[in-house]
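A structural walkthrough
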Amino acid sequence: MSKNIIKHSIRALNRQKGYVFINIIGLSIGIACSLLISLFVINELSYDQFNVLKDRIYRVNLHGKISGQEAHVSSTSSPLGPTMLQEFPEVEDFTRFDSRGKTVIKFEDKSFAEEAFALVDSSFFKIFSINLLKGDKNAILNAPYQVVVSKTTAKKFFGNDEPIDKMIQVSTDTNLYRVVGVMEDIPENSSFEVDLFGSFLSSRRANDGYWLSNSFETYILAKEGTSADAINSKIHPMLVKYVGPLIQQYFGISFDEFLSKGNQYIYRLQPLLKVHLDPSIEHEVKNASDPKFLYIFGGIAILIIVIAAINFMNLSTAQAAKRAKEVGIKKVSGSSKGMLVQQFIAESMVLAFLSLIIAILIMELSLPYFNNLLNSNLHLDYLGEWYTIPGLLALTLFIGFLSGSYPAFYLSAFKPVSVLKGNIKDSMKNGKLRSILVILQFGISIILIVGTLIIFRQINFMLNKDMGFNQDQLMVISRANVVGKKIKPFKNELLNLQGVESVSASTAAPAHNNNGNGYTIEGRNQESYLLETNWVDYDYFKTYGISLVSGRLFDEEFKTDEEACIVNQSAVNNFNLEDPFAVRFIVPEDDPEAETKYMPIIGVVNDFHFRSLHSRIEPYMFRFKNEDINWGYISVRIAKDAPATVLKEIENVWNNFTSNEPIQYFYMDESLRELYLEEQQNSKLSIMFTILAIIIASLGLFGLTSFTVEQRTKEIGIRKAMGASVGRIFYIISKEIMVLVAISTLIAWPIVFFIAKNWLQNYHYKIHLGIFDFLIGFVIALSIALLTISYRALKSARMNPAESLRYE
């Protein structure tokens, strides 16, 4: 494209300042939105890419099915990794990962509440590419009570002092941990969110050989050239060898017989690069992202660019009447169609590059809000990555060509004789294509409007659904083990505080589950039943407001209740317990010589949601929590009219019982809302991008209205002279737009219905799509369309007929 053509293009644009301004606004917003979405999508796809050995690292997941209940988790048994390394020549190394979650760390007289602490094997730093600043990766974490801390954590704990060989206390462990290494802060796009790694040998279960206790994640490093299938094929024989005898012991049947009954118990490898985008696997480290949202936002980015391009086309053709004579004169002067096409393409390229500059400014100004919304640190590294600048240029060229191609060929096709005679309409016969573009534009807008509305409704449904217990005014204190065996007097002290209604101790809390145990039922010894298990005290059901359906709750007057259990309604239904109070569960024992332990059911409570609404309510068991079980949570129900000082008073009681250990707590309603954090974030993003897409579409519609009014100016003048009212003329001008929006709606509805129905399959408990969801999209789109064209249409309708009739 010659400098001369670009020079002429800039001059031409200078003569159309208003048109250029509106076009640049539309393209800038479109490009900025696409850049923001691209940053988000690229960041999600880049998880764990920094690992040099990423293509050889696999996480081992457990896929189980017992009595119709399925479990897909990243939890594995302690002996799995060592056994695979010893018996599978395809495995080069392994590491186990035991997440301890929020942990209090003490150094000298200072305490620090850390978000994440984990125990790993010494091979962890050989498998994963986490740079060690201090320490030898071949000689760390190879003994109990060693720890590696991040650079930021070392600075926080020790200031400018040398961190190596410093001794710290982890939680209530009486054994101090020695700092043996300092690592770089783990990248944000890592599946691990940990600042301290302790040696796995510190765990009492480090050498545990029990195969049916799945509590740790296991990662393996495959030898180069080894496929996952080659290793997966050897897992079943391994399970027959090690799990088979346990199945025989508990159920009296072989492992293969156990599987033939419809049960499942198998480990499968999952490539590291697929971990972050697979929410179907339950795990306790970093929440996985739903890839469907990436498809949704990737689609939105493309749709916004398409809307911006259509907007450009409509505005360009709206200016056709003003540029027709220019084209005719240039053709008569010897300009070929190809030269004109080049000029018009050059104009769109110039506009696209100007829009890119403004879009980058918009994006940089928006990034702080965007990062705050996503709780991330996204940024565009212009010079750090080789593909950034070429990518921006390619995007600009693509948008420029996409936007300018139709107007270029359209305008360059004008017939010079017709144009110079004033017969412009004979040269402009592509109105149908413009109408199709508007239909496409508003069809996209309606899809975005209806889709955003459905996402918002589903989130609102989840946040307000009855959970089956009272989640309000409920404070849950973590680390009950710090109080130890003084839980009972601790509870009594809290109950003496004004504003505290009830207190309960338990090993789990809704959305904070930690025990999925298998049991057998007396008389059904060849079947196993999986129940989420929670050890609770006498006050648990009162504190949580869980209703009794039948039977009774734990009662201090019945000493045998300590060996009994309470189940939810789902356990009764799923296990076909016709008379639940005649049923006794059998607790599995590691020792085959141990006396059989029976647990009769004494009560059935209503179903309540202990997980998110993504999954259905599964069988749940409450067992009695005696004083020897002192870990878990302490839940405090606070009265609505409690004094403002009650929280401080609770902290004072905690300090008195724990020698000023830091208190860690959360509010149940806030914790449940966090289950849908991804959906809430994405809902806000959808609303923001939908609004921007509508703004761009409205600019295009304004351009079409301008075009329509220009072509019908004399007609409007004649109608006015013949007595037509302003309202009648407004109707004539807007009728076509209303028809186009109606057609857009009919096209958009089945598309958005298919997308929404597919998306809602992620939730077991969900809204039902109704006609209102789709009608509201039509109403909003039509209202926006009429509002957009009203200024131009009313201005034309009020024009003096004499001026209209003189219009050329």
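Below you will find a few notes about this structure. (Residues numbered from 1 in each chain as written. Predicted model: local features only at pLDDT ≥ 70, side-chain atom pairs only at ≥ 80, totals over all residues. Heavy atoms only, no water.)

**Structural notes on the side chain of S570**
Position of S570 among the secondary structure elements: in helix α18 (residues 569–574). Among the polar contacts made by the side chain of S570, one reaches the main-chain carbonyl oxygen of I617 at a distance of 3.4 Å. (Helix = DSSP H or I, 4+ residues; strand = E, 2+ residues; numbered from the N terminus. Polar contact = N/O pair within 3.5 Å; in protein donor to acceptor, adjacent residues only side chain to side chain.)

**Details of the pairing of strand β20 (residues 597–605)**
Pairing between strand β17 (residues 548–551) and β20: three bridges, direction antiparallel. When the bridges of β20 are listed, G551 appears paired with G603. Where strand β18 (residues 565–568) lies against β20, four bridges are found, and the strand directions are parallel. Following the sheet pairing, V567 is matched in β20 by V604. Looking at chain direction, strand β19 (residues 584–587) and β20 are connected through four bridges and run antiparallel. Directly across from V587, in β20, lies its bridge partner K597. (Pairing = 2+ DSSP bridges.)

**Thoughts on the packing of helix α7 (residues 235–242) against helix α8 (residues 244–251)**
Across the interface, α7 lies against α8 with an axial gap of 3 Å and an inter-helix angle of 50°. Relative to α8, the element α7 lies oblique. Contact with α7, carried on its side by L239, V240, K241 and Y242, involves G244, P245 and L246 of α8 and no other residues of that element. Taken together, the residues of the contact of α7 with α8 sort by class into five nonpolar, one polar and one charged. (Axes fitted to C-alpha atoms, helices over the stretch in contact; angles between N-to-C directions. Parallel < 35°, antiparallel > 145°, perpendicular 65-115°, else oblique. Contact = heavy atoms within 4.5 Å. Nonpolar A, V, L, I, M, F, W, Y, C, P; charged D, E, K, R; others polar.)

**Notes on a nonpolar patch on the surface**
A cluster of nonpolar side chains, namely V739, I743, I747, I751, F754 and I755, defines an oily patch on the protein surface of about 530 Å² accessible area. With respect to the secondary-structure elements, F754 resides in helix α23 (residues 726–760). (Patch = residues over 30% accessible without salt bridge, like charges linked within 9 Å, V, L, I, M, F, W, Y side chains within 5 Å. Areas by Shrake-Rupley, 256 points an atom, 1.4 Å probe, with all protein chains shown as cover. Salt bridge = Lys/Arg side-chain N within 4 Å of Asp/Glu carboxyl O.)

**A word on the pairing of strand β14 (residues 500–506)**
Taking burial as the measure, the seven residues of β14 include six buried ones, the bulk of the element. When β14 meets strand β22 (residues 633–638), the two strands line up antiparallel, connected through six bridges. Among the inter-strand pairings, S506 is bridged to a residue of β22, identified as Y633. (Buried < 20%, exposed > 50% of the residue type's maximum accessible area, 1.4 Å probe, protein only.)

**A word on the environment of F297**
Within the secondary structure layout, F297 lies in helix α10 (residues 291–318). Judged by relative accessible area, F297 falls into the buried class, the value being 1%. Taking the C-alpha atoms as reference points, F297 and I37, separated by 260 residues in sequence, lie 6.5 Å from one another. Not counting chain neighbours up to four residues away, the residues in contact with F297 comprise I37, F40, N682, L685, S686 and F689.

**Looking at the nonpolar core**
By size, the foremost hydrophobic cluster in this structure holds 97 residues, and its most contacted members are F370, F541, Y544, I546, F622, M668 and F689. Not counting chain neighbours up to four residues away, the residues in contact with F370 comprise L36, F40, L378, L685, M688 and F689. Listed in part, the 31 residues of the second largest apolar core include M84, I220, I231 and I266. (Core = buried A, V, L, I, M, F, W, Y, C linked by side-chain atoms within 4.5 Å.)

**Some details on the pattern of salt bridges**
For the structure shown, the criterion picks out 23 salt bridges. D98 is paired through a salt bridge with R100; the nearest N and O atoms lie 2.9 Å apart. When its relative accessible area of 8% is taken as the criterion, D98 is described as buried. Here the residues in one salt-bridge network are K106, R479 and E661, joined through shared partners.

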